[in-house]
Amino acid sequence: MGLRQLVIDAWSWLNYKPVMAEAGRPGSRAFPELAKTWVPPGELRRLAAYKVLASYDNNQAGQLAALGGDAGALERRELGDAANLVDTALGYLLGSEQKVAVEGAENADEETPTPGAADAAAVQKRLRAWADKELLTFRVQQAERAAVLLGDSVMVLAWNPEKQRPTLRVYDPGFFFPQWDDEDDDFPRKVHLAWDLPADDDAGLKARVRRVTYELGPISEGDEEGPAVGARTYPWEPGRASNTTCYLTDAEWLLEDLNGETLDRLPMSKASFRVGADGTELNRLDLMVDFVPVVHIANTIPDGAEHWGRSVLARVLQALDELAATDSDSSAASATTGTPIIGLAGARLPVDRATGKTQELEVRAGAVWQLGETGRMDALDTSPQLAELRARVDHLLERIASNSRVTAAGLGTLDATEVPSGYALKLALGPLDALIGMMRLAREHKYRLLFKMVQRLYQAGRAEGWTAGETLPARLAWAPHTPTDRGAVLEEVVTAYGAGVLSLETAVAMLLEAGYPIKDASQEVARIRAKAQQEAEVRMAEAAAGRGREEDKEDQEEHAGPGAGEERKPVKKESEREPVGSGR
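So, here is what we can say about the structure in this document. (Residues numbered from 1 in each chain as written. Predicted model: local features only at pLDDT ≥ 70, side-chain atom pairs only at ≥ 80, totals over all residues. Heavy atoms only, no water.)

### Things to note about the overall build of the protein chain
For the protein chain, the count of helices and strands is 14 helices and 15 strands. Counting only residues that meet the buried cut, the protein chain has 38% of its 584 residues in that class. Across the protein chain, the fraction of contacts at a sequence separation of at least 24, relative to all contacts at a separation of at least 6, is 66%. When the accessible area of the protein chain is evaluated, it comes to approximately 34,400 Å², of which 51% is carbon and sulfur surface. (Helix = DSSP H or I, 4+ residues; strand = E, 2+ residues; numbered from the N terminus. Buried < 20%, exposed > 50% of the residue type's maximum accessible area, 1.4 Å probe, protein only. Contact = heavy atoms within 4.5 Å. Areas by Shrake-Rupley, 256 points an atom, 1.4 Å probe, with all protein chains shown as cover.)

Following this line, the structure appears as C-alpha cells:
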C-alpha cells in the first residue's frame, strides 16, 4: 500500500479535505467545471481552494463534505460563523472610509507651500472626482471581500472614450491566469482573464470559453508615431522613446472545437473575436500604454516565490468544522433535554382497537400513564452533556478568535466586565492591530499602482486637464480600524500646537485620523487660518479704535486751555479752616 502523496504549497492547509487530497485533479468530483480541458493543470489547486472557501461563506461546507464521502455531513448545522469572521475582518480592514491622497497635496494651502504642492493638490482633486464617478468605495468593497475570503482579488482598468475616463471593474480571482515568463519579474507581461459561457438553447448558442488577454510586446513596425519607426514617446515619460505597448485580445472558442488545448494554447484559427463599441475588432488592439492595466490584490504578503495571498479562514478552517459539528451535537442534545427519553416498567400500554397492536406512548403535556403496583418511570437526563457541548462551543469560538488574530474583542464576544481598563483593551486588540497592519501593507503598493495607471490612462486618452509629465504618487488612505480616544487626542493636539512643536497641518491630520468629521485636511487648514486672520484683523481694528479715542481725548484737552482738565479743589468755609499753628 503506497503512502499518500504529500503536497506543500500555498494551499496546503486544505489538504485535509478529501476534495483537495488528489494532487493531480483536485476537486474534479465536487467541481466538474474544473475538469474542463482548457484549464491549466497548474491552476487546479488554486481554483479548487477558491471553491472550498466559497462553500464555507455560503454555509455549504457540509454539502461539500458529503461529496467527499461523509454521509452525515448533510445534517451538519452551519450558522454563518465563517461569513461573520470574513465580514468582521473586512470591516476592520476598510475602516469607516477610504480616501485618495496624493503626496504633497496637504502642503498646498501653507503660507509658503513646498514646490509641486499646487500640482499635487490639483491631481488629488481630479483623482477624487474620478473615484466618485467610478464608485471607488463600492469597487474596493467588492474587491476586498473577495480578497479577505479567497485570498486574492483582481481589478481591471480600461479607457472609455465616451465617458472620457478610465473605468474600473472587479473580477473573480478564479478568472485570473497570469503568465510568468520569469519568476523574478515583479509583474507578468501577459495576463489572461478566462471563463466559461454556458449554452443558450433559446438563442442558439453553444457552450463557449471566453478569453481576454493583455500582453506586452514590441510596437508594430507599421506604427508611424514617435521619433522612430517602432518607437513611441509616452506622455508620462517625455523625452524617452519606448518600443513597448500593451495589446488587447478578446475572443471566444466553442468548447467542442477544443481538443485538449490549454488556455495559453487555444487555436487562434478557431477564435471568434469580439468587437469594441466603435466597431474595432479586438484582435491585438494596441492600447497605447506600456503597462498591463490589471491589478492583482493579495490578502496577505505572499511567501517567497509565491504570488497568491491567504484567506483569513485558512488557519481556522478545521476549527470551523469542529464548531459546526459541535453545534449539531448540541442541537441533538437539546432535543433530548427538552423531550427526554423515558423508560417505563409495569405500565399498561394502550392498544389500537382497529389493528390490535400496541400503541407507542408520546411525551406531551397532560399525558397520563397508568403504572402497576411495581411500575416505575425513569427519565434520561442529558442536561449535563448539553452544558458541556455549549462550553465547548464557547471554547472553539475563543480558539477561532485567537488563531485568526481577529481576537475576541474584535469579534465582540469579549465580556466588557472582563476588561479592567482601556490599556487592557488595547493589549487585547494587539493581535488585531498587527493583522490589519499586515493586510494594509500587502495592499499599499497595489493601490499606488492602481492610481498610477489611472493617471496614465487619463494622459494617454488626452483628457482635459491632464497634461504630459511625470505621474505623481498617490495612495489609498484608510481610516482607523478601531475607536480612538478623541478627547485625549484633542488635548494632545491643542497642547503640542500651542507649544509650537506641531504644525497646523500635522495637528489637523491627527484629528482626521482620530475620527473627527474633517472632509478635507487642506480645506480645514485654510478655514482655520482664515478665521485666525479674521480674528487678528478684528483685534487690530479694536486696538486702532482705542488708540483713536485716546488721541481725540488728548486733542480736546489741548484745545480747552491750561487747567481745563484739572479737577477743582473744594473751598472750605471759614468755620472749617484750621487755626494757625494747630497741630504744632
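### What to know about the packing of aromatic side chains
If you walk through the whole model with that rule in mind, you get 9 aromatic pairs. Between F176 and W308 the ring centres are 6.1 Å apart and the planes differ by 80 degrees, which places this aromatic pair in the edge-to-face class. Within this pair, whereas F176 is found in strand 4 (residues 176-179), its partner W308 is found in the loop between strand 12 (294-298) and helix 7 (317-338), the two being separated by 132 residues in sequence. One exposure class covers both F176 and W308, and it is buried. Put simply, the rings of W159, Y458 and W466 touch in pairs and so form one group of aromatic residues. Just above the ring of F177 sits the side chain of R46; from NZ or CZ to the centre is 5.6 Å. Sitting above the plane of the Y247 ring, R284 keeps its charged end 4.1 Å from the centroid. (Phe/Tyr/Trp six-rings, centres within 6.5 Å; stacked < 30°, edge-to-face > 60°. Lys NZ or Arg CZ within 6 Å of the ring centre and 35° of its normal.)

### Digging into helix 8 (residues 383-404)
Three- or four-residue spacings in an α-helix give side chains the same orientation, since the helix completes a turn every 3.6 residues. Between its terminal C-alpha atoms helix 8 stretches 32 Å, which fits the 32 Å expected from 22 residues at 1.5 Å a residue. For helix 8, the set of buried residues is L386, L389, V393, L396, I400, A401 and S404. Buried residues along helix 8 cover an arc of 135 degrees about the axis, so they all sit on one side. Residues of helix 8 that are exposed and angled more than 90 degrees away from the buried face: E388 and E398. At the exit of helix 8 stands R405, carrying a positive phi of roughly 70 degrees. (Expected span 1.5 Å × (residues − 1). Arc of directions from axis to C-beta.)

### Regarding the pattern of salt bridges
A side chain of one charge can pair with a side chain of the opposite charge when the charged atoms of the two come close. If you walk through the whole model with that rule in mind, you get 22 salt bridges. Notably, a salt bridge pairs R169 with E134, separated by 3.6 Å at the nearest N-O pair. Taken together, the residues R169 in strand 3 (residues 165-171) and E134 in the loop between helix 5 (117-133) and helix 6 (136-150) connect sequence positions 35 residues apart. A relative accessible area of 34% places R169 in the partly exposed class. In this structure, E237 engages R240 in a salt bridge whose closest nitrogen and oxygen atoms are separated by 2.7 Å. Owing to a relative accessible area of 26%, E237 belongs among the partly exposed residues under this scheme. Taken together, the salt bridges that share partners define one network made up of D57, D87 and R145. (Salt bridge = Lys/Arg side-chain N within 4 Å of Asp/Glu carboxyl O.)

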